[in-house]
Amino acid sequence: MKVAIFGTGYVGLVTGACLAEVGNEVVCVDVDAAKIERLNRGEIPIYEPGLEDLVSRNREAGSLRFTTDAQRAVAHGEVIFVAVGTPPDEDGSADLRYVLAVARTIGEHLQRYAVVVNKSTVPVGTADRVRAAIAGALAGRGAAIDYDVVSNPEFLKEGDAVKDCMKPDRIVIGTSSARALAALKALYAPFNRNHERIVQMDERSAELTKYAANAMLATKISFMNEVANIAERVGADVESVRLGIGSDPRIGYAFIYPGIGYGGSCFPKDVQALGQTARSVGYETRILDAVEAVNRDQKSKLFELIGRHFGGDLAGRTLAVWGLSFKPNTDDMREAPSRTLLAELWAAGARVRAYDPEAGHEAARVFGERPDLVIADDPMEALEGADALAIVTEWKAFWSPDFAKIAQALKAKALFDGRNIHDPKAVEAAGIAYYGIGRGRSVARPEFA
């Protein structure tokens, strides 16, 4: 099939590459000429495992093309995806200016029937607004052309996006049009062979499904962090609690790992947007408000533990930080807990030596050059001259370090494990004070104080 995709960000690029991989002819369009030039040179603007090879292979085969020419893209597409950003507005609602601008562009250039697919995460009712924007542009031309608007939200996890796209858990299609449904069933047939993954519903239900899914996952994270904070105070180990409740199939093990809060481009934005949607129809979201509040506070948990260990005096101290991205296998630092921690450390007069396997360049862009920040090239370099180590992101490279070498490098010999990836006994056996999240240790053991 001939597919056009507006937006070459995270969702658009992954979707386009995967659709091209199974034999479709895909044209991706973006207003950012510099990004299109980079893509046409084979440069990928984001880090995502497997994506670079996928894009390169299909670009060289001619099945995946990049352009700034919107008219060309609309003329090409039997199915036209809208995959542009919906950043949060000042009140937390999703900003639809880019989505609606694309809709008007489609209406200005549409010459034949097409299925317009909202892939962006958008509030309930956006399909109606997109439909109206296209209709308005067509009316302005005096054109009468059939089209359908479908809600088809993405469920891609950063770090696993290619796998999620090629082997989806579910394919949600929101439409009341039999013609549009048939087109999307044909498009998604290669991803739907093992068993039926398509869940068909109306547009508004599909739009709400995306927000509800992310809000539920965020709720599980904040709930477990709340339990961790209780565990710390009552002397329980939240990791044991996690195993105890996760063994209940009604709860499961997914997304109940305590830590220092969620970040990224989806959960924070979507929880806020769903809350704003509810308020716009007169409903107060007490659970969602609490989820957001717990997460906001949890991002300061490591700083609290560090301050506790050093008696509140961090001036002149140097902290090594392992992990800057909001999760492993991405270079995305949007809303990352590392940003909160670094800001708090700097405000307290501390210096930071940080390492991340992929996000070092992004950190340099976000923070710029400053005398109290060194971006190291490897984990051990980050430890040079450091008083203590804070683990912020659970990259696999940090799971099995040499604790003896860490102890030798650290002046104050303290480790703050923001993701509970280490065994406290193994760390302490190396002579390092261990602080985790909800591990039943409100203060370090006396021998390490």
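Since we're looking at a predicted model, the values are computed, not measured.

The helix and strand inventory of the protein chain stands at 18 helices and 14 strands. Along the first, second and third principal axes, the C-alpha atoms of the protein chain reach 80 × 45 × 45 Å. Residues classed as buried in the protein chain amount to 55% of the 449 residues present. Once local pairs closer than 6 in sequence are excluded, the contacts in the protein chain between residues at least 24 apart make up 72%. Summed over all atoms, the accessible surface of the protein chain reaches about 19300 Å², with 51% contributed by carbon and sulfur. Here the protein chain carries 53 positive and 61 negative side-chain charges, and the mean point of each set is 3 Å from the other.

Two side chains with opposite charge may pair up if their charged atoms get near one another. Applying the stated criterion across every chain yields a total of 27 salt bridges. Across the salt bridge formed by Asp-160 and Lys-163, the nearest N and O atoms sit 3.9 Å from each other. Accessibility expressed as a relative area gives 30% for Asp-160, which makes it partly exposed. Across the pair Glu-384 and Arg-353 runs a salt bridge whose closest N-O atoms are separated by 3.8 Å. Placement of the pair is Glu-384 in the loop between α16 (379-383) and β12 (388-391) and Arg-353 in strand β10 (residues 351-355), with a sequence separation of 31 residues. Take Arg-353: its relative accessible area is 16%, and that puts it in the buried class.

Before going further, it helps to spend a moment on the packing of helix α13 (residues 301-309) against helix α14 (residues 337-347). In a packed pair of helices, the relevant descriptors are the angle between the two axes and the axis-to-axis distance. It is at 8 Å that the axes of α13 and α14 come closest, and there the two elements cross at 35°. In this structure, α13 uses Leu-302, Phe-303 and Ile-306 to contact α14, whose residues at the interface are Leu-341, Glu-344 and Leu-345. Looking at the contact of α13 with α14, its residues break down into five nonpolar, no polar and one charged.

Now for the packing of helix α9 (residues 203-234) against helix α12 (residues 286-298). Interaxial distance between α9 and α12 falls to 9 Å at its minimum, and their mutual angle equals 55°. Here α12 runs oblique to α9, going by the angle between their axes. α12 is crossed by α9, and the crossing has left-handed handedness. Where α9 approaches α12, its residues Ala-215, Ala-218, Thr-219, Ser-222, Asn-225, Glu-226 and Asn-229 are matched on the opposing element by Ile-287, Leu-288, Val-291, Val-294, Asn-295 and Gln-298.

Overall, the coordinates contain three cavities of 30 Å³ or more when judged by the stated rule. Quantified by volume, the largest cavity comes out at close to 230 Å³. The wall of the largest cavity is formed by 17 residues, among which Lys-119, Asp-164, Cys-165, Pro-168 and Arg-170 lie closest to the centre. Secondary-structure elements contributing two or more residues to the lining of the largest cavity are α1 (10-21), α7 (161-166) and β7 (171-174). Its residues assigned to classes, the lining of the largest cavity shows 10 nonpolar, two polar and five charged.

Okay, the side chain of Asp-332 next. Inspection of the secondary structure puts Asp-332 in the loop between β9 (318-322) and α14. On the accessibility criterion, Asp-332 (7% relative accessible area) is buried.

Take the sheet that holds β10 next. In space, the six strands of this open sheet follow the order β11-β10-β9-β12-β13-β14, with parallel pairing throughout. Of all the strands in the sheet, just β11 (373-375) and β14 (433-435) have a single pairing partner and so form its edges. Neighbouring strand axes in the sheet, compared pairwise and without regard to direction, differ in orientation by 20° on average. In this sheet, β12 lies alongside β9 in parallel orientation, the contact comprising four bridges. Opposite Val-321, over in β12, you have Ala-390 as the bridge partner.

As a further point, take the packing of aromatic side chains. Per the counting criterion, the structure on display carries seven aromatic pairs. Ring centres 4.9 Å apart and planes at 20° place the aromatic pair Phe-416 and Tyr-435 in the stacked group. Taken together, the positions of Phe-416 in strand β13 (residues 414-417) and Tyr-435 in strand β14 put the pair 19 residues apart, joining distant regions of the chain. The class for Tyr-435 is buried, based on a relative accessible area of 4%. Counting every residue linked through ring pairs, the aromatic cluster contains Phe-255, Tyr-262 and Phe-267. Over the face of the ring belonging to Phe-155 we find Arg-170, whose NZ or CZ atom lies 3.7 Å from the ring centre. The ring of Trp-399 carries Lys-396 above its face, with NZ or CZ at 4.4 Å from the centroid.

Time to look at the pairing of β12. Side chains Ala-388 and Ala-390 of β12 all project onto a buried face; the interleaved residues Leu-389 and Ile-391 project onto the opposite face, where all are buried too. Looking at chain direction, β12 and β13 are connected through three bridges and run parallel. Along β13, the bridge assignment pairs Ile-391 with Asp-417.

Relative to the helices and strands, Ala-290 resides in helix α12. When the C-alpha positions of Ala-290 and Thr-219 are compared, they lie 8.8 Å apart, and in sequence the two are 71 residues distant.

Rules used in this analysis
- Residues numbered from 1 in each chain as written.
- Predicted model: local features only at pLDDT ≥ 70, side-chain atom pairs only at ≥ 80, totals over all residues.
- Heavy atoms only, no water.
- Helix = DSSP H or I, 4+ residues; strand = E, 2+ residues; numbered from the N terminus.
- Buried < 20%, exposed > 50% of the residue type's maximum accessible area, 1.4 Å probe, protein only.
- Contact = heavy atoms within 4.5 Å.
- Areas by Shrake-Rupley, 256 points an atom, 1.4 Å probe, with all protein chains shown as cover.
- Lys, Arg positive; Asp, Glu negative; His and termini not counted.
- Charge placed at Lys NZ, Arg CZ, Asp CG, Glu CD.
- Salt bridge = Lys/Arg side-chain N within 4 Å of Asp/Glu carboxyl O.
- Axes fitted to C-alpha atoms, helices over the stretch in contact; angles between N-to-C directions.
- Nonpolar A, V, L, I, M, F, W, Y, C, P; charged D, E, K, R; others polar.
- Parallel < 35°, antiparallel > 145°, perpendicular 65-115°, else oblique.
- Left-handed = near helix turned anticlockwise from the far one by under 90°.
- 1 Å grid on protein atoms, 1.4 Å probe; cavity = no way out; pocket = protein on both sides within 12 Å on 5 of 7 lines; lining within 4 Å.
- Points joined across faces, edges and corners; volume = space filled by probe spheres on them.
- Pairing = 2+ DSSP bridges.
- Phe/Tyr/Trp six-rings, centres within 6.5 Å; stacked < 30°, edge-to-face > 60°.
- Lys NZ or Arg CZ within 6 Å of the ring centre and 35° of its normal.

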